[in-house]
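Here's the letter readout for the chains.
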Amino acid sequence: MLPKDPFMLLSYVNTQLRDNYESLEELCSSLGVSKDSILEGLSKAGFKYDESLNKFIGG
């Protein structure tokens, strides 16, 4: 289960992207979670996914 707190979610997702996955789509598929739910949860906290960097950054 993914963390509910947006800052803990940010840390978890960015670590997973850096260490284990080449894209957000790959991470979501592997974990069985909705890409939209991650994007929505992190956008509410001011973060957006940068595909070229493969990580979430402050928007």
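Our structure's up above, just so we're on the same page.
Report on the accompanying structure.

Cut-offs and rules
- Residues numbered from 1 in each chain as written.
- Predicted model: local features only at pLDDT ≥ 70, side-chain atom pairs only at ≥ 80, totals over all residues.
- Heavy atoms only, no water.
- Axes fitted to C-alpha atoms, helices over the stretch in contact; angles between N-to-C directions.
- Helix = DSSP H or I, 4+ residues; strand = E, 2+ residues; numbered from the N terminus.
- Parallel < 35°, antiparallel > 145°, perpendicular 65-115°, else oblique.
- Left-handed = near helix turned anticlockwise from the far one by under 90°.
- Contact = heavy atoms within 4.5 Å.
- Pairing = 2+ DSSP bridges.

**Side note on the packing of helix 1 (residues 6-19) against helix 3 (residues 35-43)**
Running from N to C, helix 1 and helix 3 point in directions that differ by 125°, and their axes come no closer than 9 Å. Here helix 3 runs oblique to helix 1, going by the angle between their axes. At the point where helix 1 passes helix 3, the crossing takes the left-handed sense. Two secondary-structure elements touch here, helix 1 through Pro6, Leu9, Leu10 and Val13 and helix 3 through Ile38, Gly41 and Leu42.

**Looking at the pairing of strand 1 (residues 47-50)**
Of the strand pairs in this sheet, strand 1 and strand 2 (residues 55-58) are connected by four bridges, and their pairing is antiparallel. When the sheet's bridge partners are listed, phenylalanine 47 is paired in strand 2 with glycine 58. Linking strand 1 to strand 2, which pair antiparallel, is a turn of four residues; within it asparagine 54 sits at a positive phi near 55°.

Honestly, it's all geometry; don't read function into it.
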